[in-house]
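# Coordinates in review
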Amino acid sequence: MSKILTMHEAIAEAKRCLHCSRPLCRTGCPIENNIPAFIRALSEGNIGAAYEIIAERSNLPAICGRVCAHERQCEAHCILAKKNAAIAIGSLEMFIADFAHEYGVTLLPPSTGKRGKVAIIGSGPAGLTVAGDLAKMDFDVTIFESQPEPGGVLLFGIPEFRLEKNVVRREISILKDLGVKIITDVLVGPDLNVDDLFAKDFDAIFMGTGTALPNILNIPGQHYAGIVTSTYFLRVIVLSDSGKLDKKETLLDAEANVIVIGAGNVAVDAARTAIRRTTGSVTVVYHKTAAEMSCLHSEYEAALAEGVQFEFLKKPVAYLDEQQLHDYATPATASAAPVAGILFETIAKDADGNFTSTNQQQALPCDFVILAVGQKPASRIVSTTKGIQVDDRGFVITKERPYGMTTRAGVFSSGDVVHGPKTVVLAMKESKKVAAGIAQYIDAKKLLADCQ
């Protein structure tokens with residue numbers, strides 16, 4: 001987890017770098033940020049140069065510095081990690097980006113847009129990365145966002161205590177300074193489709209719509225009141241905290257006992273958000289062991305320190321109302337009764353690492369349930385557009401050449417809608433390659449037109 005550093009602390013930390021002849025830290029960075037170079041510049045006190053080096057590969061350094069999985073990526077590859085003394089690369093990146101913002105460091109003039117015109121659907125990490133890269137390559141870029149404000153999961157899916165919303169807004173403002181235009185409150189599919197965008201003379205279209213539809217658990221009692229998805233919960237918290245939604249709409253009472261089902265970063269984000277808003281208990285329940293949790297270990301430790309409880313090796317069987325909680329009886333029909341608990345099946349892990357049922361059950365009481373069991377893409381764009389193929393799970397199929405193009409010429413995609421839910425920086429990694437593919441496609445398209 002990145003820490004805020006003073007200038008003295010940041011430079012002192014940068015000076016610990018060994019300047020390896022074979023820098024493994026860069027190998028561990030999904031976007032191949034030139035970590036050794038920006039650390040060296042910082043150690044010499046040249047923060048402007050350090051920011052310029054970072055900006056060569058990243059359009060969102062203040063965000064990546066805060067939420068990237070450094071402990072699994074660049075910092076894990078640092079040679080000093082063998083002594084548990086890895087360079088705090090995330091904290092250094094955050095310091096440099098914050099310093100550049102505070103002192104108004106600017107790098108590039110706005111794009112002239114002469115090279116081509118690109119529409120970006122969605123303003124999450126994938127869309128913002130493609131938009132920034134193409135603007136730097138002198139393309140005319142317009143983002144179409146369905147929400148009233150751009151940012152996607154960065155704004156509505158990551159809690160304030162992990163990623164301050166003003167940081168997201170300022171990174172987006174830097175993209176606007178590069179000439180990126182953003183149109184909000186436009187839902188591509190129902191409001192206008194891909195054909196409409198091509199009719200507006202866009203040379204290429206990028207789909208970065210993410211996985212908008214959360215999975216649910218198809219178990220008895222799923223219609224009980226007080227069961228919400230993590231994406232809904234986190235979004236309404238952001239809206240209520242910003243004054244755009246009545247706090248009652250969060251549905252979380254001040255004394256609620258909460259169960260979160262799932263063990264990824266989103267589940268832990270939801271749990272840590274909930275425990276800040278209730279005097280009751282918050283328990284994360286997972287059907288495997290702590291070792292199999294996909295969340296960052298630092299986030300797990302932070303949740304434990306904040307009072308979140310964890311129950312492992314428990315598989316949800318049914319939601320229970322008040323009477324069923326006492327009787328251990330599963331509901332027979334759909335009902336809007338308030339949820340009062342969940343019936344779990346106890347799981348065991350054998351010596352071969354296999355998970356099996358113990359045929360034992362346990363009921364855990366709760367007043368509120370948050371589901372964080374994965375997401376899938378919405379079909380509103382694909383269903384209103386001919387020629388874009390998806391796999392059997394609904395994820396968009398893309399090509400290797402030009403990189404990221406779908407089965408419809410001129411339409412590209414990356415991020416969660418292609419690869420499934422991943423981290424911010426992994427979405428950025430693929431999106432940088434897709435931006436290059438879009439540039440290659442438009443250049444070739446214009447060259448062929450000139451030859452006719």
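Residues numbered from 1 in each chain as written. Predicted model: local features only at pLDDT ≥ 70, side-chain atom pairs only at ≥ 80, totals over all residues. Heavy atoms only, no water.

### Considering the overall build of the protein chain
On a plain count of helices and strands, the protein chain comes out with 17 helices and 15 strands. Here the protein chain holds 452 residues, and the buried ones make up 52% of them. For the protein chain, the proportion of contacts with a sequence separation of at least 24, taken over those separated by at least 6, is 70%. Accessible area of the protein chain: about 20,600 Å², with a carbon and sulfur share of 51%. Seen as two clouds, the 46 positive and the 51 negative side-chain charges of the protein chain have centres 6 Å apart. (Helix = DSSP H or I, 4+ residues; strand = E, 2+ residues; numbered from the N terminus. Buried < 20%, exposed > 50% of the residue type's maximum accessible area, 1.4 Å probe, protein only. Contact = heavy atoms within 4.5 Å. Areas by Shrake-Rupley, 256 points an atom, 1.4 Å probe, with all protein chains shown as cover. Lys, Arg positive; Asp, Glu negative; His and termini not counted. Charge placed at Lys NZ, Arg CZ, Asp CG, Glu CD.)

### Structural notes on the side chain of T406
Within the fold, T406 resides in the loop between β14 (375-376) and β15 (411-413). On the basis of relative accessibility, which here comes to 0%, the residue T406 falls in the buried class. Not counting chain neighbours up to four residues away, the residues in contact with T406 comprise I388, V396, I397, T398, K399, V411, F412 and S413.

### Here's the deal with the sheet that holds strand β8 (residues 282-285)
One open sheet accounts for five strands, arranged β6-β13-β7-β8-β9; its pairing is parallel. Each edge of the open sheet carries a strand with a single partner, namely β6 (227-229) and β9 (309-311). The average angle at which neighbouring strand axes cross in this sheet is 25°, direction not considered. Alignment of strand β7 (residues 258-261) against β8, held across four bridges, turns out to be parallel. In the strand pairing of β8, V258 is matched with V282. On the sheet, helix α13 (residues 265-275) packs against β7, β8 and β13 (368-371) and is oriented at approximately 170° with respect to β8. (Pairing = 2+ DSSP bridges. Axes fitted to C-alpha atoms, helices over the stretch in contact; angles between N-to-C directions.)

### Describing the nonpolar core
In this structure, F38, I39, L42, L92, I96, L154 and I438 are the most contacted members of the largest nonpolar core, which totals 73 residues. A per-element tally of this core places helix α17 (residues 424-451) first, with nine residues. With residues up to four places along the chain from it excluded, the contact list for L154 reads L60, I63, P125, L128, L163, K165, V168 and V424. Ranked by size, the runner-up nonpolar core spans 27 residues in total, among them L234, A270, Y286 and A372. (Core = buried A, V, L, I, M, F, W, Y, C linked by side-chain atoms within 4.5 Å.)

### Overview of the sheet that holds strand β12 (residues 355-365)
Reading across from one edge, β10-β11-β12 is the order of the three strands in this open sheet, with antiparallel pairing throughout. Single-partner strands in this sheet number two, and they are β10 (314-320) and β12. Taken pair by pair, the neighbouring strands of this sheet meet at an average axis angle of 20°, ignoring direction. Two elements, strand β11 (residues 341-349) and β12, share eight bridges in a ladder whose sense is antiparallel. Each bridged residue has a counterpart across the sheet, and for E345 the counterpart in β12 is Q361.

### Here's the deal with the pattern of salt bridges
In this structure the tally under the stated criterion is 22 salt bridges. One salt bridge in this structure joins D140 and K181, with 2.7 Å as the shortest N-O distance. Separated by 41 residues along the polypeptide, D140 in strand β2 (residues 140-144) and K181 in strand β3 (residues 181-183) bring together distant segments of the chain. Note on D140: relative accessible area 24%, which makes it partly exposed. Linking K445 and D203 is a salt bridge whose minimum nitrogen-to-oxygen distance equals 3.9 Å. (Salt bridge = Lys/Arg side-chain N within 4 Å of Asp/Glu carboxyl O.)

### Considerations on the packing of aromatic side chains
One pass over the structure, following the stated rule, counts seven aromatic pairs. On the basis of an interplanar angle of 35° and a centroid distance of 4.5 Å, the ring pair of F99 and Y103 is categorised as tilted. Here the aromatic rings of F310 and F312 are separated by 6.0 Å at their centres, their planes lie at 15°, and the arrangement is stacked. According to the relative accessible area criterion, F310 is buried, its value standing at 14%. Each member of the aromatic cluster is reached from another via a ring pair, and the members are F95, F99 and Y103. Over the ring of F156 we find R235; its NZ or CZ atom is 5.3 Å from the centre of that ring. (Phe/Tyr/Trp six-rings, centres within 6.5 Å; stacked < 30°, edge-to-face > 60°. Lys NZ or Arg CZ within 6 Å of the ring centre and 35° of its normal.)

### Overview of helix α12 (residues 230-241)
When the terminal C-alpha atoms of α12 are compared, their 16 Å separation across 12 residues agrees well with the 16 Å that a helix rising 1.5 Å per residue should span. What α12 keeps buried is the set S230, F233, L234, V236, I237, V238, L239 and S240. Summarising the contacts, the buried residues of α12 are in contact with α9 (153-156), α10 (165-177), β6, α13 and β13. Just past α12, the residue G243 takes up positive phi, approximately 80°. (Expected span 1.5 Å × (residues − 1).)

### Structural notes on the pairing of β7
Side-chain alternation along β7 places V258 and V260 on one buried face and I259 and I261 on a second face that is also buried. Handedness of the crossover joining β7 and β8 through α13 is recorded here as right-handed. Inspection of the sheet shows β7 paired to β13 by four bridges, in the parallel sense. Note that in β13 the partner of I261 across the bridge is L371. (Right-handed = clockwise from strand over helix to strand, strands pointing away.)

### What about the packing of α13 against helix α14 (residues 297-305)?
Interhelical geometry of α13 versus α14 gives an angle of 20° and a closest axis separation of 10 Å. One element, α13, and the other, α14, form an angle in the roughly parallel class. With respect to the hand of their crossing, α13 and α14 are arranged in left-handed fashion. Seen from α13, the contacting residues are N265, V268, D269 and R272; seen from α14, they are E299, A302 and A303. Split by residue class, the contact of α13 with α14 holds three nonpolar, one polar and three charged. (Parallel < 35°, antiparallel > 145°, perpendicular 65-115°, else oblique. Left-handed = near helix turned anticlockwise from the far one by under 90°. Nonpolar A, V, L, I, M, F, W, Y, C, P; charged D, E, K, R; others polar.)

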